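Listed below, chain by chain, are the residues.
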Amino acid sequence: MRIDLHTHSTVSDGTEAPAEVVRAAKAAELDVVALTDHDTLDGLAEASTEAAAIGIGFVPGIEMSARQRVFPDPDDPRGISVHIVGLWPDPADTGLQAMLARVRDARLERAQRIVALLAEDFAITWDDVAARAGGADAVGRPHVADALVDLGIVATRDEAFASLLQGGTKYFVPHFAPEVLDAVAMLRAAGAVPVFAHPGADARGHIVPTSVIEGMAEAGLVGLEVDHRDHDERQRTRLTRIADRLSLVRTGSSDYHGTGKRNRLGENLTTPDAFEALQAARG
Ligand code: AMP
Ligand code: ZN
Ligand code: FE
Ligand code: FE
């Protein structure tokens, strides 16, 4: 059984439509794939229909943005960015939907502010980004990166992230996201099984200390995404120990973004035993 529980489509910052992601998963000989777009459930119906049509197991999901605050003001968007995958969320949960809508609004406003800052130094306008973000429900920095590539300012998404779009640079703007423990609770309330996505991805920015993972486990976290491209051996060893100690399910996944990232479907997998444990935790 080949199980990959973390992928993205054009509904957020992937480059393939939800049905295309599912077809690509079948072509990659996966038995089960989850679609987990950033802060939106928009692609799930299309992906689910396609999965049933072509015969591949499908898990509806989301990758929810959250924030480990460093300042007391709950509306201050600064802090450590945390991503939490939620599997099997109830799309009718109004609390979750309201929070996701708020985060998507904040993402849009923040992308516009990033473009305004870039426009001080480069010939880029919001229309350039809108042309790339067009069909997406959740706008992200990868869409700004695509516009920068179109304009010849950088060569690839990777180059954009390594230079202009990185956290801490003069063009970086954070966006509002719910506090980490609140996000775990909201996912649980919506019947979802929360898995902390790439908790040790320290090359892309600050990661939260182990104490935060402990708090999340108390708040209802079920899984820890240990096997992920952004984790070196040291992080995998550390996170495996934490998962064992806190009785968290160890998962692995590709975090596929189509052609937008190097990540290939199935490059990291979740074992059938781990998948069963996740299913058993459903609300
Ligand atoms: P944002 O959600 O707007 O903060 O942008 C972060 C998203 O950009 C994450 O989903 C990452 O997967 C994606 N990302 C980060 N680095 C890269 C990169 N080098 N190339 C393409 N996408 C990236
Ligand atoms: Zn992404
Ligand atoms: Fe992520
Ligand atoms: Fe992701």
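Scroll up to find the structure this text is about.
Residues numbered from 1 in each chain as written. Chains lettered and ligands numbered in written order. Predicted model: local features only at pLDDT ≥ 70, side-chain atom pairs only at ≥ 80, totals over all residues. Heavy atoms only, no water.

(A) Fine view of the pairing of strand β4 (residues 79-87). Counting buried residues in β4 gives 7 out of 9 residues, a clear majority hidden from the surface. With 9 bridges connecting them, strand β3 (residues 57-69) and β4 associate as antiparallel partners. Looking across to β4, one finds that M64 is bridged to I84. With 4 bridges connecting them, β4 and strand β5 (residues 193-196) associate as antiparallel partners. Bridging across to β5, L87 finds its partner in V193. (Buried < 20%, exposed > 50% of the residue type's maximum accessible area, 1.4 Å probe, protein only. Helix = DSSP H or I, 4+ residues; strand = E, 2+ residues; numbered from the N terminus. Pairing = 2+ DSSP bridges.)

(B) Quick peek at the coordination of the iron ion (ligand 4). Note on the iron ion (ligand 4): its protein donors are H6 (NE2), H8 (NE2), E63 (OE) and D255 (OD). The metal-donor distances range over 2.1 to 2.2 Å. Because the angles between the 4 donor atoms bound to the iron ion (ligand 4) fall within 79 to 164°, the donor set is best described as irregular. Going along the chain, you hit the donors of the iron ion (ligand 4) in the pattern H-x1-H-x54-E-x191-D. A separation of 4.5 Å is found between the iron ion (ligand 4) and the zinc ion (ligand 2). Of this pair, H6 sits in the loop between β1 (3-4) and α1 (18-27) while E63 sits in strand β3, and the two are 57 residues apart along the sequence. A single burial state applies to H6 and to E63, both of which are buried. (Donors = N, O, S within 2.8 Å, 3.2 Å for Na, K, Ca; no water. Tetrahedral: all angles 85-135°; square planar, octahedral: opposite > 155°, others 65-115°.)

(C) Representation of the packing of aromatic side chains within the structure. Evaluation of the coordinates by the stated rule reveals 2 aromatic pairs. For the pair W88 and F275, a centre-to-centre distance of 6.1 Å together with 35° between the ring planes defines the contact as tilted. You can see W88 sitting in the loop between β4 and α3 (94-119) and its partner F275 sitting in helix α10 (residues 272-280), a full 187 residues away along the chain. The pair formed by W88 and F275 is uniform in burial state, with each residue classed as buried. Seen from the ring of F71, R78 lies directly overhead, with NZ or CZ sitting 4.0 Å from the centre. Taking the ring centre of F176 as reference, the NZ or CZ of R102 above it sits at 3.7 Å. (Phe/Tyr/Trp six-rings, centres within 6.5 Å; stacked < 30°, edge-to-face > 60°. Lys NZ or Arg CZ within 6 Å of the ring centre and 35° of its normal.)

(D) Representation of the site of ligand 1 in the model. Near ligand 1 lie 13 residues; those nearest to it are H38, R110, R141, D158 and K261. With 3 residues, the top contributor of residues to the shell around ligand 1 is helix α6 (residues 157-162). In terms of residue class, the shell around ligand 1 is made up of 2 nonpolar, 4 polar and 7 charged. (Near = heavy atom within 4 Å. Nonpolar A, V, L, I, M, F, W, Y, C, P; charged D, E, K, R; others polar.)

(E) Inspection of the coordination of the zinc ion (ligand 2) at higher detail. Every protein donor of the zinc ion (ligand 2) is listed here as D13 (OD), D13 (OD), H38 (NE2) and H257 (NE2), and their distances to the metal cover 2.0 to 2.6 Å. Between consecutive donors of the zinc ion (ligand 2), the numbers of intervening residues give the motif D-x24-H-x218-H. Taken as a pair, the zinc ion (ligand 2) and the iron ion (ligand 3) lie 5.6 Å from each other. On the criterion of sequence distance, the pair formed by D13 in the loop between β1 and α1 and H257 in the loop between β7 (249-252) and α10 is long-range, its members being 244 residues apart. Given a relative accessible area of 8%, D13 falls into the buried group.

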